[in-house]
Amino acid sequence: MQYRTLGRTGVQVSSLVLGAMNFGKIGRTTQDEVTAIVDAALEAGINLIDTADMYGDGESEEMVGKAIAGRRDDIVLATKAGMPMGEERNHRGSSRRWLVTELDNSLRRLGVDHVDLYQIHRWDPTAGDEETLSALTDLQRAGKIRYFGSSTFPAYRIVQAQWAAREHHLSRYVTEQPSYSILQRGIESHVLPVTEQYGLGVLVWSPLASGWLSGAIREGWEIATNRSAFMPRRFDTSIPSNRARLDAVERLAKVADAAGLTMIQLALGFVTVHPAVTSAIIGPRTLDHLRSHLAAADTVLSADVLDAIDAIVAPGVDLAPDEKHDTPPSLLDPSLRRR
């Protein structure tokens, strides 16, 4: 396992992060299975676990808490807040009212007195930066969180938040958690240059592109992954962007074969070699999934392999631009650009 410094915090974290989104009803995993996955991950050298309040409506946090009981101090523990937690309109977002309440809920579910990294799951256009940063700074000073970060923020919002922290003399975001893979490289042109400029740690999610780069999807095969079962449109190959992804996967598979690598090793090795990336978040549902990911822990791609990847998916290009998660709200909701 490789270790990197998380931004400018001085905290050493593994290059692979155990993501807990599939723990519980989303991945249909039991507590015994989750504990076995956590045990194996820690034994392999992973020391950062990332979850969120909304994963399984809190179930993931509860399962992580039970799995790490008795060894909390050996783990860098991260969770997130901001996505809706039920129908109540104020049980979401990044207002002080909600963050103070929901952090206590997360701590209770995790069975801990603090988290190491508390992340805003998505930018909340209804809450000002000073509102959110002042709440997070107070929670940090209270000892309930050690650091805080953002997740899937547009580049300009990352810059704005850094400015607001300086302007109002508040603590700042020290990490960003964007989506990044060989098939979705858009952040190379805007987000990653910004995180490098401000010295942010970067924990990338979906490095296997929702399973497209897992080795389980190939031309002529039935697509029957767990993700495709509840997100069928993202895997419908009659849609041009999905066809482009499948074509790219076929070419990437040849690159991986020639290099003696699995598709997972190629995919994880690609994102972790980027100088702006600290770690890649993996989300195994089974021990076998975890083992296939761990095989990439020491993968270092050669320049020839990286050049071959660039020839298939050019730097800065998203093959499925409609699936981006950091699009400004005004581009998605006509009422916001016409009022």
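Provided above is the structure to which this section pertains.
Residues numbered from 1 in each chain as written. Predicted model: local features only at pLDDT ≥ 70, side-chain atom pairs only at ≥ 80, totals over all residues. Heavy atoms only, no water.

So, on to the nonpolar core. The biggest cluster of nonpolar side chains holds 84 residues, and the ones touching the most others in it are Phe 23, Leu 77, Val 115, Leu 183, Leu 213, Leu 252 and Leu 266. The next biggest cluster of nonpolar side chains, apart from the first, holds 10 residues, and it includes Val 13, Val 76, Ala 78 and Trp 205. (Core = buried A, V, L, I, M, F, W, Y, C linked by side-chain atoms within 4.5 Å. Buried < 20%, exposed > 50% of the residue type's maximum accessible area, 1.4 Å probe, protein only.)

This part covers empty space enclosed by the protein. Empty space among the atoms becomes apparent when a probe as large as a water molecule is rolled across them. Under the defined criterion, the tally for this structure stands at three cavities of 30 Å³ or more. Taken together, 13 residues make up the lining of the largest cavity; nearest its centre are Ser 179, Ile 187, Lys 324, His 325 and Asp 326. The class makeup of the residues in the lining of the largest cavity is four nonpolar, four polar and five charged. Of the pockets and cavities examined, the second largest cavity occupies roughly 50 Å³. Looking at the lining of the second largest cavity, its residues break down into five nonpolar, three polar and three charged. (1 Å grid on protein atoms, 1.4 Å probe; cavity = no way out; pocket = protein on both sides within 12 Å on 5 of 7 lines; lining within 4 Å. Points joined across faces, edges and corners; volume = space filled by probe spheres on them. Nonpolar A, V, L, I, M, F, W, Y, C, P; charged D, E, K, R; others polar.)

Let's shift gears to the pattern of salt bridges. This structure, assessed with the given rule, holds 16 salt bridges. Note that Arg 291 is salt-bridged to Asp 288, the shortest N-O span being 3.1 Å. You can see Arg 291 and its partner Asp 288 sitting in helix 10 (residues 287-294), three residues apart, about one turn around the helix. For Asp 288, a relative accessible area of 56% translates into the label exposed. Here the salt bridges share partners, and the residues they tie into one network are Glu 61, Glu 102 and Arg 109. (Salt bridge = Lys/Arg side-chain N within 4 Å of Asp/Glu carboxyl O. Helix = DSSP H or I, 4+ residues; strand = E, 2+ residues; numbered from the N terminus.)

Even without a glycine there, the phi angle at Thr 152 is positive, about 60°. By relative accessible area, which is 6% here, Thr 152 ends up buried.

Here the focus is the packing of aromatic side chains. The final tally for this structure, using the stated rule, is four aromatic pairs. Between the aromatic rings of Phe 148 and Tyr 173, the centroid separation amounts to 5.7 Å while the plane-to-plane angle is 85°, which identifies the pairing as edge-to-face. Highlighted residues: Phe 148 in strand 7 (residues 145-151) and Tyr 173 in the loop between helix 5 (155-167) and strand 8 (175-177), separated in sequence by 25 residues. Here Phe 148 and Tyr 173 have matching classes, each one buried. Here the aromatic rings of Phe 153 and Tyr 173 are separated by 5.7 Å at their centres, their planes lie at 75°, and the arrangement is edge-to-face. Residue Phe 153 is located in the loop between strand 7 and helix 5, and its partner Tyr 173 is located in the loop between helix 5 and strand 8; the two are separated by 20 residues in the primary sequence. Both residues of the pair, Phe 153 and Tyr 173, belong to the buried class. A connected cluster of aromatic rings, assembled from ring pairs, spans Phe 148, Phe 153 and Tyr 173. (Phe/Tyr/Trp six-rings, centres within 6.5 Å; stacked < 30°, edge-to-face > 60°.)

Next up on the list: the layout of surface pockets. In this model, the largest pocket occupies a volume close to 1,300 Å³. Lining the largest pocket are 48 residues, and of these Met 21, Asn 22, Ser 206, Ser 210 and Arg 227 sit closest to its centre. Across the lining of the largest pocket, the residue classes tally to 19 nonpolar, 20 polar and nine charged. In this model, the second largest pocket occupies a volume close to 540 Å³. Lining the second largest pocket are 24 residues; nearest its centre among them are Gly 82, Arg 122, Trp 123, Asp 124 and Pro 125. Residue classes in the lining of the second largest pocket are distributed as nine nonpolar, nine polar and six charged.

In short, the description is geometric, and any link to function would need to be established separately.
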